[in-house]
Amino acid sequence: MTDLAPKYDPKAVEEGRYQTWLDEDLFKPSGDKKAHPYSIVIPPPNVTGKLHLGHAWDTAIQDTLIRFKRMQGYDTLYLPGMDHAGIATQAKVEAKLRKQGKDRHQMGREAFVKQVWDWKDEYANIIKSQWAKMGLSLDYSRERFTLDKGLSKAVRKVFVQLYNEGLIYRGEYIINWDPKLETALSDIEVIHKDDQGAFYHIKYPFADGDGYVEIATTRPETMFGDTAVAVAPGDERYKDLVGKELILPLVGRRIPIIEDQHVDPEFGTGLVKITPAHDPNDFQVGNRHNLKRINVMNADGTMNEECGKYNGMDRFDCRKQLVKDLDEAGYLIKVEPIVHSVGHSERSGVQVEPRLSTQWFVKMKPLAEKALANQKTDGKVNFVPERFEQTFDQWMENVHDWVISRQLWWGHRIPAWYNKETGEMYVGEEAPKDPENWKQDEDVLDTWFSSALWPFSTLGWPDENAADFKRYFPTNTLVTGYDIIFFWVSRMIFQSLHFTKEKPFDNVVLHGLIRDEQGRKMSKSLGNGIDPMDVIDKYGADALRWFLLNGTAPGQDTRFSYTKMDSAWNFINKLWNASRFVIMNLPEDAAPAQMPDTAKFDLADKWIFDRLNHTISEVTRLFDEFQFGEAGREMYNFIWNDFCDWYIEISKVALNGDDAELKAQKQANLTWILDQILRLMHPIMPFVTEKLWLSMPHEGKSLMVAAYPEVHPEFENKAADQEMAFLIDVIKAVRNIRMEVNAPMSSSIDILIQLENEADKRILTDNASYVENFLHPKKLEVSTSIDAPKLAKTAVISGAQIFVPLTELVNVDDEIAKMEKEADRLVGEVERAKKKLANKGFTEHAPQAVVEKEKAKQADYESQLAGVRERIQELKESK
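Residues numbered from 1 in each chain as written. Predicted model: local features only at pLDDT ≥ 70, side-chain atom pairs only at ≥ 80, totals over all residues. Heavy atoms only, no water.

Novice: Talk me through the overall build of the protein; I want residue IDs and the actual numbers.
Specialist: Within the protein, the regular secondary structure consists of 28 helices and 29 strands. Relative to the 2.2 N^0.38 estimate, which gives 29 Å for 879 residues, the radius of gyration of the protein is 37 Å and therefore markedly larger than a compact globule would have. Per-residue burial over the protein gives 54% buried out of 879 residues. The contacts of the protein with a sequence gap of at least 6 include a subset with a gap of at least 24, amounting to 78%. As presented, the protein carries roughly 38900 Å² of accessible surface, and 47% of it is formed by carbon and sulfur atoms. For the protein, the distance from the average site of its 111 positive side-chain charges to the average site of its 138 negative ones is 2 Å. (Helix = DSSP H or I, 4+ residues; strand = E, 2+ residues; numbered from the N terminus. Rg over C-alpha atoms; globule rule 2.2 N^0.38 Å. Buried < 20%, exposed > 50% of the residue type's maximum accessible area, 1.4 Å probe, protein only. Contact = heavy atoms within 4.5 Å. Areas by Shrake-Rupley, 256 points an atom, 1.4 Å probe, with all protein chains shown as cover. Lys, Arg positive; Asp, Glu negative; His and termini not counted. Charge placed at Lys NZ, Arg CZ, Asp CG, Glu CD.)

Written as structure tokens, this is what we have:
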């Protein structure tokens, strides 16, 4: 046993502990082939920067599950790794280089990619140090990176197989284009925001010189790419115009008026300009009518040679000048200001430009159908909370083809090559045998393409005989935020089903966002972000983990506050002080915790061991159901209320007494209970529980590999639970009376307790030592027939009335007022119970045990009410 400081100091407790765990190889799987495997692959953080509170929340839940299962005897694997995060990381490195006056195009691809690898190494080390600070029991011998050799092999295999199956294709389509990063974006990388804009109403003259039509557009700069004006089929207003030609203002090109179902005759003028190269709907219209596609913008968002004198201008500068020129030429009818939803790049923040581009796509419908069908089988993925399965289903049912090519240098190069002479395309896992005659596709794959393979590529796939793949796949639980169901969760599911014929994980546990105290999302712009490492420096990792797991129910957002962190620290300090008291009261030769002898239990022992059983049972169940907040409440109530506030205080009677045998029994009981508490708490609070456990008599080198507590049927004792609850109610009632009249525990007082039955009298007489110690009576009278004093402080509890004669301190009128207030409360409880029992919907549909419990409550309230009313009458008569 070691000495413990008088106060919990997280820095002293946590210092060096993680390295010890690593040195002792405790994070690796047990290797026990008879044990059930349990695996979690970490959602790989991007190597774009440091971890935030969301990552801390993810990993706190994951590590709690792994530690819990490890202690239960499972062969656990918690696999670490990181994501190259193509577009995000490249943007960070380019921004860094710009500050140094450098440009990637001047550097060249090879030199630039080396710079990104240097960035990756720097931030990977930072992330690993943060994992250590959080106490994550990760098996670093299996660490992976989405650009490592094995994962790259998996990516190439998946690409080539999907291509050969016709599920990957290359085509010219309208895609979301980021003009700042000059790359394609998928739909879910586009964030829609309300922007100030306008409808520009423009005259499009008829080619025959006879009048014009009015066209309204929010993007007049795209008119250089107009190849038609469309009306709805059957629109009576314009049926005579179909087939006529218009002159494109300022351009002079003739364009036809056509009919197409895309047009909504109720919207605007019912006439729509068609720009096939710059609008996804117009692209489809153009396909139906064989219209020319005219791209009017360069990759950087400037206008191109199709735009005449506007060539080279920024798209928004062009808009201003063009509108001015249209006005001066008499083409502008009006400008109508509006607020409309506009897509912005998730990474660069600039407005996305719909742009015609040749890209690589995944054909999503067959993959989505397979994923949806699987959710109707016994092999489905279990969503926690269940409501998020609907989110998954809705996205899969309405999914679009996925654009997977990115115009970047950092990422998995697309495994496609083009013959320099013939233009022939070759797609394969390896480069052509004569590479000097071929040029590889310049683009890289979307980051999510490789991270979609994460649960199985990290375990050795595509080698289906890889030991880890055979042992640990499918993985057991994925923990992540609900905001990336579309980005990542969905893609892992359909890729895993397609390539392994298995779901990637049994459960996906989704948590919410961490917001500030005002409920706002944390962001750089608001300056309200919280660095989890700063929180750990102040409160310790255990306190942060406790807060994160107890902050909210699954799927709900939570608010971070330092008040909550203070509460978490206080709870650990309470555990620390209780442990220190127990350890200090053990003999030098104390043995490790051993199963206690129930034959020697007194009431308090029977009660606390029954409560321990209940707590173990509930916490185990709630952990398995991912109800960490509820599990935390069970642990908190048992440790703070039952163990610290009551059992330890009760045990002090024996510990300070002269009965050596009784003292030894209490020491042994305290050792067992504390040992079980530390095991119970270890998955959430690994550092402090390990420190305390190693300070006790113990067997084994680490609490991490000790057995998790189990329920012992011999500890079950509901009668003791009820009897102790009665004894506690009596003690609390007398303590409350003392507080009301400022009578300190050092002062002896007379106490009279009138009971409803002899059984309750036995409880008090059999536990006289506790009554004496906690109530400090000068005179104690316990009977079913008490001659109540006329002037006394009174408390009514279930089964008893308590009188404390304090003539010199009690104001009769105040006491009557207090009793009348209590009577009003009990009347309300009786009425509530009566209404509930009068409700046939309750009595006929609720379980019989629940109905009987409600009847018992009503009877108890009525009994208490009768006692209070009787006491009021006695007080009134004493005046």
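Novice: Describe the sheet that holds strand β18 (residues 416–419), with residues and values.
Specialist: Read across the open sheet, the 3 strands follow the order β19-β18-β20; overall the sheet is antiparallel. Strand pairing shows two members of the sheet lacking a second neighbour, β19 (425–427) and β20 (438–440), which therefore form its edges. Averaged over all adjacent pairs, the angle separating strand axes in this sheet is 30°, with direction ignored. (Pairing = 2+ DSSP bridges. Axes fitted to C-alpha atoms, helices over the stretch in contact; angles between N-to-C directions.)

Novice: Could you give me a rundown of unusual backbone geometry, with the residues and numbers involved?
Specialist: In the segment running from Val384 into Pro385, the intervening peptide bond is cis, with an omega of -5°. Here Pro385 shows up in the loop between β15 (382–384) and α11 (388–397). Of the consecutive residues Trp461 and Pro462, the connecting peptide bond is found in the cis state with omega at 20°. A positive phi angle, close to 50°, is found at Ala85, a residue other than glycine. Of note, Ala85 is situated in the loop between β3 (81–82) and α4 (86–99). Overall, Ala85 belongs to the buried group, its relative accessible area being 2%. The phi torsion at Asn290 lies on the positive side, around 55°, for a residue other than glycine. Examined against the element boundaries, Asn290 turns out to sit in the loop between α8 (280–289) and α9 (315–328).

Novice: Account for the sheet that holds strand β11 (residues 254–259), with residues named and values stated.
Specialist: Within a beta sheet, neighbouring strands are joined by backbone hydrogen bonds and run either parallel or antiparallel to one another. Read from one edge to the other, the open sheet built from 4 strands follows the order β10-β11-β9-β12, with strand pairing classed as mixed. Because the sheet does not close on itself, it has two edges, and the strands there are β10 (245–247) and β12 (271–274). Ignoring strand direction, the axes of neighbouring strands in this sheet form an average angle of 30°. Sheet topology places strand β9 (residues 228–231) next to β12; 4 bridges connect them, and they run antiparallel. Each bridged residue has a counterpart across the sheet, and for Val229 the counterpart in β12 is Lys273.

Novice: Explain the UniProt feature "short sequence motif: 'HIGH' region" (unreviewed entry) in the protein to me, and be specific about the residues and the numbers.
Specialist: According to UniProt, the feature "short sequence motif: 'HIGH' region" (unreviewed entry) maps to residues 45–55 in the numbering used here. As a span, residues 45–55 carries 27% helix and 0% strand, and end to end its C-alpha atoms are 8 Å apart. (UniProt positions renumbered as here; feature names shortened; annotations may be inferred.)

Novice: Lay out the packing of aromatic side chains in plain terms, naming residues and giving numbers.
Specialist: Scanning all chains against the criterion turns up 46 aromatic pairs. Note on Tyr636 and Trp640: the rings are 5.4 Å apart at their centroids and 20° apart in plane angle, and the pair reads as stacked. In this pair, Tyr636 and Trp640 are both assigned in helix α20 (residues 628–655), 4 residues apart and thus about one turn of the helix distant. Trp640 gets classed as partly exposed once you look at its relative accessible area, which sits at 22%. Chaining the aromatic ring pairs together yields one cluster made of Phe159, Tyr163, Trp360, Trp402, Phe449 and Phe494. Above the plane of the ring of Phe581 lies Lys652, whose end atom (NZ or CZ) is 5.2 Å from the centre. (Phe/Tyr/Trp six-rings, centres within 6.5 Å; stacked < 30°, edge-to-face > 60°. Lys NZ or Arg CZ within 6 Å of the ring centre and 35° of its normal.)

Novice: Lay out the pairing of β9 in plain terms, naming residues and giving numbers.
Specialist: Burial along β9 is two-sided: the face carrying Ala228 and Ala230 and the face carrying Val229 and Val231 are both buried. Pairing analysis gives 3 bridges linking β9 to β11, with the strands arranged parallel. Across the sheet, Val229 pairs through a bridge with Ile257, a residue of β11.

Novice: Can you break down the environment of Met681 residue by residue, with the values?
Specialist: Along the chain, Met681 falls in helix α21 (residues 660–681). We classify Met681 as buried; its relative accessible area is 0%.

Novice: Lay out the nonpolar core in plain terms, naming residues and giving numbers.
Specialist: One broad rule of soluble globular proteins: the nonpolar side chains tend to lie buried together. Grouped together as the largest cluster of nonpolar side chains are 138 residues, with contacts concentrated most on Met635, Phe643, Ile673 and Ile802. No other element matches the 12 residues that α20 contributes to this core. Residues contacting Ile802, with those up to four places away along its chain left out, are Val730, Ala733, Val734, Ile737, Ile751, Leu752, Ile753, Lys793, Thr794, Ala795 and Ile797. Judged by nonpolar contacts, the second largest core, of 59 residues, contains Leu79, Leu151, Ala154 and Val399. (Core = buried A, V, L, I, M, F, W, Y, C linked by side-chain atoms within 4.5 Å.)

Novice: Pulling in residues and values, what's your account of the side chain of Gln801?
Specialist: By secondary structure assignment, the location of Gln801 is in strand β29 (residues 800–804). Dropping the residues within four chain positions of it, Gln801 is found in contact with Leu752, Ile753, Gln754, Ala795, Val796, Gly867 and Arg871.

Novice: So what's going on with helix α17 (residues 541–550)? Which residues, and what values?
Specialist: Most of α17 sits inside the fold, with 10 of its 10 residues counted as buried. Taken as a whole, α17 has its buried residues at Ala541, Asp542, Ala543, Leu544, Arg545, Trp546, Phe547, Leu548, Leu549 and Asn550.

Novice: Describe the pattern of salt bridges, naming the residues involved and giving the relevant values.
Specialist: Applying the stated criterion across every chain yields a total of 55 salt bridges. Across the salt bridge formed by Glu353 and Arg315, the nearest N and O atoms sit 2.8 Å from each other. Of this pair, Glu353 sits in strand β14 (residues 353–362) while Arg315 sits in helix α9, placing them 38 residues apart in sequence. Taking relative accessible area as the criterion, Glu353 reaches 5% and is therefore assigned buried. (Salt bridge = Lys/Arg side-chain N within 4 Å of Asp/Glu carboxyl O.)

Novice: Residues and numbers for helix α22 (residues 686–695), please.
Specialist: In terms of burial, α22 is largely enclosed, as 8 of its 10 residues are buried. All buried positions along α22 are accounted for by Pro686, Phe687, Val688, Thr689, Glu690, Leu692, Trp693 and Ser695.

Novice: Provide a residue-level description of the packing of helix α7 (residues 149–164) against helix α15 (residues 485–500), including the pertinent values.
Specialist: As a packed pair, α7 and α15 sit with axes 12 Å apart at the nearest point and diverge in direction by 75°. What the angle tells us is that α7 and α15 run roughly perpendicular. Where α7 abuts α15, its residues Val158, Gln161 and Leu162 lie against Gln495, His498 and Phe499. Class assignment of the residues belonging to the contact of α7 with α15 gives a composition of 3 nonpolar, 3 polar and no charged. (Parallel < 35°, antiparallel > 145°, perpendicular 65-115°, else oblique. Nonpolar A, V, L, I, M, F, W, Y, C, P; charged D, E, K, R; others polar.)

Novice: Pulling in residues and values, what's your account of the side chain of Asp325?
Specialist: As for its placement among the helices and strands, Asp325 is situated in helix α9. Other than its neighbours up to four places away in sequence, Asp325 contacts Leu250, Lys309 and Tyr310.

Novice: I'd like a rundown of the environment of Asn382, residues and numbers included.
Specialist: Along the chain, the position of Asn382 falls in strand β15. A residue is classified by how much of its surface remains accessible, and Asn382, at 35% relative accessible area, is partly exposed. Separated by 157 residues in sequence, Asn382 and Tyr539 have C-alpha atoms that sit 35 Å apart.

Novice: Provide a residue-level description of the environment of Glu306, including the pertinent values.
Specialist: On the secondary structure map, Glu306 appears in the loop between α8 and α9. Sequence separation of Glu306 and Gly225 is 81 residues, and the distance between their C-alpha atoms is 8.0 Å. Excluding residues that lie within four positions of it along the chain, Glu306 makes contacts with Phe224, Ile294, Asn295 and Val296.

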